[in-house]
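Reading the structure
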Amino acid sequence: MQNPLISSFIEAGLFGKFILIVLGIMSVYAWAIFQNKFIYFRKLRKEDKAFLEAISEQRGNILNIDIEEDYFTCSPLFKVFISCRETLKDIIMSKNRIDSEDIEAMEIIIQRVISEERLKMEDSNFVLATVASISPFLGLLGTVWGIMKTFRGMGMMGSASITAVAPGISEALLTTVIGLIVAIPAVIVYNYTVNTIKEEMVRITNFS
């Protein structure tokens, strides 16, 4: 027995197939973004934890803390730490003291690093939000088109028989279903990403 979704797609008109193909492409793209973000955030949290453990085991001058820098490629905490340490080195080498202006300069540098890391974490969020918001409307557009097709078939055949209404109704329901199938996971992924970024920003701010 043929899958009803496949048979409905085959029977759909050109416009209905176009909408379904667009929804399919959006779904694949959204899932690819989710996979990349899930891997990225998992690595980020792992490196953050390892970095905090590494510096908690060491005491003394921040300039002398020994950290395996090549390991921490994603950790925002490490990048804040490195920016502070390098700035301190430059200040001490230039005048061997730290005043209030230097502290303000370091704060600006820290905020810049935090902003850059936030932009990196929010990368592709716009795409997820767009997929989540547009998919139901594309499904609705296909629904309206299918209903129009149904009424047109009824008018041409002069009756409301199943033969007249089935193709249009099938196309309308299919686009609605696919639109929701694409939109719901995109919303979940977007909310997961936003919540993860919010937690990481709190962690970065507290550390800095």
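Below you will find a few notes about this structure. (Residues numbered from 1 in each chain as written. Predicted model: local features only at pLDDT ≥ 70, side-chain atom pairs only at ≥ 80, totals over all residues. Heavy atoms only, no water.)

**As for the overall build of the protein**
So the rule is basically this: A run of H or I in DSSP becomes a helix once it reaches four residues, and a run of E becomes a strand once it reaches two; helices and strands are each numbered from the N terminus. Partly exposed describes any residue whose relative accessible area lies between the buried limit of under 20% and the exposed limit of over 50%, with all areas from a 1.4 Å probe on protein chains only and scaled to the type maximum. We call two residues in contact whenever any of their non-hydrogen atoms come within 4.5 Å of each other. Every accessible area reported is derived by Shrake-Rupley at a probe size of 1.4 Å, with residue values counting cover from the shown protein chains alone.
A tally of helices and strands in the protein yields six helices and zero strands. If you list the helices and strands of the protein from N to C, you get α-α-α-α-α-α. Expressed as a percentage of the 208 residues in the protein, the buried residues total 37%. Across the protein, contacts joining residues at least 24 apart in sequence account for 74% of those joining residues at least 6 apart. Surface exposure of the protein reaches about 12700 Å², of which carbon and sulfur atoms provide 65%.

**Re helix α4 (residues 100-121)**
Under the convention used in this document: Expected helix span is taken as 1.5 Å per residue step, with the number of steps being one fewer than the number of residues. For this quantity, the arc is that covered by the directions from the helix axis to the C-beta atoms.
The terminal C-alpha atoms of α4, which comprises 22 residues, lie 32 Å apart, in line with the 32 Å expected from a rise of 1.5 Å per residue. When α4 is considered as a whole, its buried residues turn out to be Asp102, Met106, Ile110, Val113, Ile114, Glu117 and Met121. End-on, the buried residues of α4 take up no more than an arc of 115 degrees, which puts them together on one face. Away from the buried face of α4 by more than 90 degrees, exposed residues Ser100, Glu101, Ile108 and Leu119 are located.

**Notes on the packing of aromatic side chains**
Stated precisely, the cut-off is as follows: Aromatic pairs are defined between Phe, Tyr and Trp rings, using the six-membered ring for Trp, whenever the two ring centres lie within 6.5 Å; interplanar angles under 30 degrees are classed as stacked, those over 60 as edge-to-face, and all others as tilted.
The tally for this structure, following the rule as stated, stands at eleven aromatic pairs. Three or more aromatic residues link up through ring pairs in this structure, and these residues are Trp31, Phe34, Phe38, Tyr40, Phe41 and Tyr192.

**Some words on the nonpolar core**
Applied cut-off: Residue types Ala, Val, Leu, Ile, Met, Phe, Trp, Tyr and Cys, when buried and joined through side-chain atoms within 4.5 Å, form a set referred to as a nonpolar core.
Counting 25 residues, the largest nonpolar core has Phe51, Ile67, Val80, Met121 and Ile204 as its most contacted members. Of all the elements in the fold, those that place two or more residues in this core are α2 (14-56), α3 (76-95), α4 and α6 (162-207). Of all the elements, α3 adds the most residues to this core, at eight residues. Listed in part, the 15 residues of the second largest apolar core include Leu20, Leu128, Ala132 and Ala186.

**Looking at the packing of α2 against α4**
The criterion, for reference: Here an axis means a line fitted to C-alpha atoms, over the contact stretch when the element is a helix, while the angle between two N-to-C directions is reported on a 0 to 180 degree scale.
In contact at an axis separation of 11 Å, α2 and α4 are set at 145 degrees when each is read in the N-to-C sense. Side by side, α2 and α4 meet where Lys37, Tyr40, Phe41 and Leu44 of the first sit next to Glu117, Lys120 and Met121 of the second.

**A word on a nonpolar patch on the surface**
Put simply, the rule reads: Each patch is assembled from residues with relative accessible area greater than 30% and no salt bridge, linking like charges that lie within 9 Å and nonpolar side chains (Val, Leu, Ile, Met, Phe, Trp, Tyr) that lie within 5 Å. We define a salt bridge as a side-chain nitrogen of Lys or Arg found within 4 Å of a carboxyl oxygen belonging to Asp or Glu.
A cluster of nonpolar side chains, namely Phe137, Leu140, Val144, Trp145 and Met148, defines an oily patch on the protein surface of about 530 Å² accessible area. Looking at where leucine 140 falls in the secondary structure, it is placed in helix α5 (residues 125-157). When its relative accessible area of 49% is taken as the criterion, leucine 140 is described as partly exposed.

**So, the environment of leucine 44**
Note on placement: leucine 44 falls in helix α2. Here the alpha-carbon distance between leucine 44 and proline 76, two residues 32 residues apart in the chain, equals 7.7 Å. Excluding its chain neighbours within four sequence positions, the residues that come into contact with leucine 44 are Cys74, Pro76, Met121 and Glu200.

**Side note on the pattern of salt bridges**
Overall, the coordinates contain seven salt bridges when judged by the stated rule. Residue arginine 85 is joined to glutamate 86 by a salt bridge in which the shortest nitrogen-to-oxygen separation is 4.0 Å. On the accessibility criterion, arginine 85 (5% relative accessible area) is buried. Residue arginine 118 is joined to glutamate 122 by a salt bridge in which the shortest nitrogen-to-oxygen separation is 2.9 Å. Taking relative accessible area as the criterion, glutamate 122 reaches 31% and is therefore assigned partly exposed. Members of the salt-bridge network, linked through shared partners, are Lys79, Glu117 and Lys120.

Function cannot be inferred from these measures alone, as they are strictly geometric.
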